[in-house]
Amino acid sequence: MWLTGKPHGHGEMRWPDKRVYMGEFKQGEHHGHGVMVFPPNSPDNADRYEGEWSHGKISGFGKMKYMHGDTYTGHWRDNTRHGHGVMSYGAMSSSAASVYIGEWSADRKNGYGTMDDVIRGEKYMGMWDNDIRQGAGVIVTLDGVYTQGTFVQGKLTGHGLLLCDDNTIFEGEFSGHCQLSGKGQFWLTDGSRSPSKEGEESCDVHHYVSAVEELQQMSTKLSPMEKLACLKTTFEKINQDVERFWRGEEKLVSLDDLFPVFHFVVIRARIPHLGSEIHFIDDMVDAHVHVGEQGHMFTTLKACFFQIQNEKG
């Protein structure tokens, strides 16, 4: 339909660049419900939009499908995501799909929202500012690790709480992506605290961060011997940190004494498919590797994994 020489009412319009609009017009502008099919290689990767329009702009409720598989379903204002909406990243049938549900402002996450991040294996629930985690928030991982605190520029910073699936608890200072930093306390499943001198109310958990980071490298190593070398370095870093902590006084000296701390390091490292890593080493190394100090370290790792699995069950 036309009115005073302009499209008005329901109709269809096509452009030379292969854009197609089907829906309502008002005085020559897209207005009301309509569908826009975008041309290939659209600047914003838009593929197809269906929903509300106002005076030629996407405004109101609608669904946008993007060329790389992302979809947004929610509210819009002036061609930008604005208000409450759901953004699915990647094809939902693929293993790469992640979902954000929450508030938007000018095409960016702002306000309260939840992000199921399949790549990281975690769910964030909390505040956002300009597409960045900012303010109070909670992270829950697939391994059952719960972290709560304040996020600054996307990083957990300052005082926070960490609860592992075996009820190990850390309360204290954080810095970076859930990295322990500064003073704090952690309690093991039997209620005992990390090593501390008599009369001290807290211990410096920062000492164990280097061991956690070293153990996390295990999954990046290709050969079983490289993985075992990474495990050995982890124990060395734990021992160095313990020696520095005691400053020449009484200290833990055997692997058995280090077991509670190593157990904590294993939990904090959150190694993907740790059971598969252990089976790989077991199947690929010679029998002589299972004896001596290196063998004892590997046996300790298996004992930690066995205990974690039992506690999950």
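Residues numbered from 1 in each chain as written. Predicted model: local features only at pLDDT ≥ 70, side-chain atom pairs only at ≥ 80, totals over all residues. Heavy atoms only, no water.

In this structure, the second largest pocket occupies an estimated 250 Å³ of space. For the second largest pocket, the lining is made up of 16 residues, of which Phe38, Asp44, Ile58, Met64 and Asn79 are closest to its centre. Secondary structure elements with two or more residues in the lining of the second largest pocket: strand 5 (29–37), strand 6 (46–54) and strand 7 (57–66). Taken together, the residues of the lining of the second largest pocket sort by class into 8 nonpolar, 3 polar and 5 charged. (1 Å grid on protein atoms, 1.4 Å probe; cavity = no way out; pocket = protein on both sides within 12 Å on 5 of 7 lines; lining within 4 Å. Points joined across faces, edges and corners; volume = space filled by probe spheres on them. Helix = DSSP H or I, 4+ residues; strand = E, 2+ residues; numbered from the N terminus. Nonpolar A, V, L, I, M, F, W, Y, C, P; charged D, E, K, R; others polar.)

The next point concerns the side chain of Ser59. Residue placement: Ser59 occurs in strand 7. A polar contact of 3.1 Å, which involves the side chain of Ser59, links it to the backbone nitrogen of Asp78. Ignoring any residue separated from it by four or fewer positions in sequence, one finds Ser59 in contact with Glu52, Trp53, Ser54, Trp76, Arg77 and Asp78. (Polar contact = N/O pair within 3.5 Å; in protein donor to acceptor, adjacent residues only side chain to side chain. Contact = heavy atoms within 4.5 Å.)

Glancing now at the nonpolar core. One finds Met64, Leu215, Leu231, Phe262, Val266 and Leu301 to be the most contacted residues of the largest nonpolar core, which totals 54 residues. Taken domain by domain, this core gets at least three of its residues from each of domain 1 (2–149) and domain 2 (209–311). Residue contacts for Met64: discarding those within four places in its chain leaves Phe38, Ala46, Arg48, Tyr49, Ile58, Asp70, Thr71, Tyr72 and Trp76. (Core = buried A, V, L, I, M, F, W, Y, C linked by side-chain atoms within 4.5 Å. Buried < 20%, exposed > 50% of the residue type's maximum accessible area, 1.4 Å probe, protein only. Domains from an automatic or database assignment.)

The subject of this paragraph is unusual backbone geometry. Glycine aside, residues mostly have negative phi angles, and peptide bonds mostly take the trans form. The phi dihedral of Asn41 is positive, around 60°, even though this residue is not glycine. The phi dihedral of Asp78 is positive, around 50°, even though this residue is not glycine. By the secondary structure assignment, Asp78 is in the loop between strand 8 (71–77) and strand 9 (80–89). On the accessibility criterion, Asp78 (45% relative accessible area) is partly exposed.

All right, on to the environment of Met13 then. In this fold, Met13 is placed in strand 3 (residues 9–14). By relative accessible area, Met13 is classed as partly exposed at 25%. Separated by 23 residues in the primary sequence, Met13 and Met36 have C-alpha atoms spaced 9.5 Å apart.

Another aspect to go through is the pairing of strand 15 (residues 155–163). Here 6 bridges tie strand 14 (residues 146–152) to strand 15, and the two strands are oriented antiparallel to one another. Paired with Phe151 across the strands is Leu156, a residue of strand 15. In this structure, strand 15 lies alongside strand 16 (residues 169–174), joined through 6 bridges in antiparallel fashion. Opposite Leu161, over in strand 16, you have Glu171 as the bridge partner. (Pairing = 2+ DSSP bridges.)

Per-residue pLDDT for the chain has a mean of 81; in total, 80% of the residues score no lower than 70. Between residues 195–206, whose pLDDT stays under 50, and residues either more than four places distant or in other chains, the model counts 37 contacts. (pLDDT = per-residue confidence, 0-100.)

Turning next to the pattern of salt bridges. This structure, assessed with the given rule, holds 9 salt bridges. A salt bridge links Arg14 to Glu12; the shortest N-O distance between them is 2.8 Å. With a shortest N-O distance of 3.6 Å, Arg81 and Asp107 are connected by a salt bridge. Taken as a pair, Arg81 in strand 9 and Asp107 in the loop between strand 10 (98–105) and strand 11 (108–117) lie far apart in primary sequence, 26 residues in all. Assessed through its relative accessible area of 13%, Arg81 is described here as buried. (Salt bridge = Lys/Arg side-chain N within 4 Å of Asp/Glu carboxyl O.)

Our focus in this paragraph is the packing of aromatic side chains. Under the definition given, this model contains 11 aromatic pairs. Ring geometry for Tyr21 against Trp53: centres 5.5 Å apart, planes inclined by 85°, an arrangement best described as edge-to-face. Of this pair, Tyr21 sits in strand 4 (residues 20–26) while Trp53 sits in strand 6, placing them 32 residues apart in sequence. With respect to class, Tyr21 is no different from Trp53; both count as buried. Ring centres 5.5 Å apart and planes at 80° place the aromatic pair Tyr72 and Trp104 in the edge-to-face group. Linking Tyr72 in strand 8 with Trp104 in strand 10, this pair joins segments that are 32 residues apart in sequence. Under the relative-accessibility criterion, Tyr72 is labelled buried at 0%. What makes Trp104 buried here is its relative accessible area of 4%. The ring of Trp15 carries the charged tip of Arg19 above its face, separated from the ring centre by 4.4 Å. For Lys109, the ring lying beneath its charged end belongs to Trp128, and the centroid distance is 5.5 Å. (Phe/Tyr/Trp six-rings, centres within 6.5 Å; stacked < 30°, edge-to-face > 60°. Lys NZ or Arg CZ within 6 Å of the ring centre and 35° of its normal.)

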